[in-house]
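Single-letter residue listing:
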Amino acid sequence: EFAKQHFKATPILDFALAVEQLTTRKRANLILNVDGCIAVSFVDMIRSCGAFSREECDELVSFGTLNGLFVLGRSIGFIGHY
C-alpha cells in the first residue's frame, strides 16, 4: 500500500501482484513474499523517482545493487537474533 500511495508509478509491483493472483489459484502458499515485494518496490522506486535514467536503473539492477541491500537487511536481522 505504501508504494502505491507514494511512488509515481508501480508497474513492476502491479505485475508481481497480478502474478501472485495466478499462482495462489494453483497453491495458496505461492504468494509474493516480503523480500519479493521489497525488491519490486525498489525497482519501481528507482525507475519513477526521476534521479536515474532507464539505462542507469537497468545497470543498478544488473550490477546486483539490490542484492546488496537484501544481504545488508538480512545480516542486521541475523545479528540481532544472536
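Basis of the calculations
- Residues numbered from 1 in each chain as written.
- Predicted model: local features only at pLDDT ≥ 70, side-chain atom pairs only at ≥ 80, totals over all residues.
- Heavy atoms only, no water.
- Helix = DSSP H or I, 4+ residues; strand = E, 2+ residues; numbered from the N terminus.
- Buried < 20%, exposed > 50% of the residue type's maximum accessible area, 1.4 Å probe, protein only.
- Lys, Arg positive; Asp, Glu negative; His and termini not counted.
- Salt bridge = Lys/Arg side-chain N within 4 Å of Asp/Glu carboxyl O.
- Contact = heavy atoms within 4.5 Å.
- Axes fitted to C-alpha atoms, helices over the stretch in contact; angles between N-to-C directions.
- Parallel < 35°, antiparallel > 145°, perpendicular 65-115°, else oblique.
- Left-handed = near helix turned anticlockwise from the far one by under 90°.
- Core = buried A, V, L, I, M, F, W, Y, C linked by side-chain atoms within 4.5 Å.
- Nonpolar A, V, L, I, M, F, W, Y, C, P; charged D, E, K, R; others polar.

## Remarks on the side chain of aspartate 44
If you trace the backbone, aspartate 44 turns up in helix H3 (residues 34–48). Salt bridges are absent for the buried aspartate 44, whose nearest opposite-charge side chain, arginine 47, sits at 5.8 Å. Residues in contact with aspartate 44, not counting those within four places in the same chain, are Phe7, Ala9, Thr10, Pro11, Ile12 and Leu13.

## A closer look at the packing of H3 against helix H5 (residues 65–80)
For the pair H3 and H5, interaxial distance at closest approach is 11 Å and the crossing angle is 140 degrees. Here H3 is positioned oblique relative to H5, judged by the angle of their axes. By crossing handedness, the relation of H3 to H5 is classed as right-handed. Taking contact as the criterion, the partners of Asp35, Ala39, Phe42 and Val43 in H3 are, on H5, Leu66, Leu69, Phe70 and Arg74.

## Quick look at the nonpolar core
Residues Ala3, Phe7, Leu13, Ala16 and Val40 constitute the largest nonpolar core, which totals 5 residues. Apart from residues lying up to four places away in sequence, valine 40 is in contact with Ile12, Leu13 and Ala16.

## Concerning the packing of helix H2 (residues 11–26) against H3
Direction vectors running N to C along H2 and H3 enclose 155 degrees, while the axes themselves pass 7 Å from each other. If you check the angle between H2 and H3, you find them roughly antiparallel. Residue-level inspection shows Pro11, Ile12, Leu13 and Ala16 of H2 in contact with H3, the latter providing Cys37, Val40, Ser41, Val43, Asp44 and Arg47. Counted by class, the contact of H2 with H3 contains 7 nonpolar, 1 polar and 2 charged residues.

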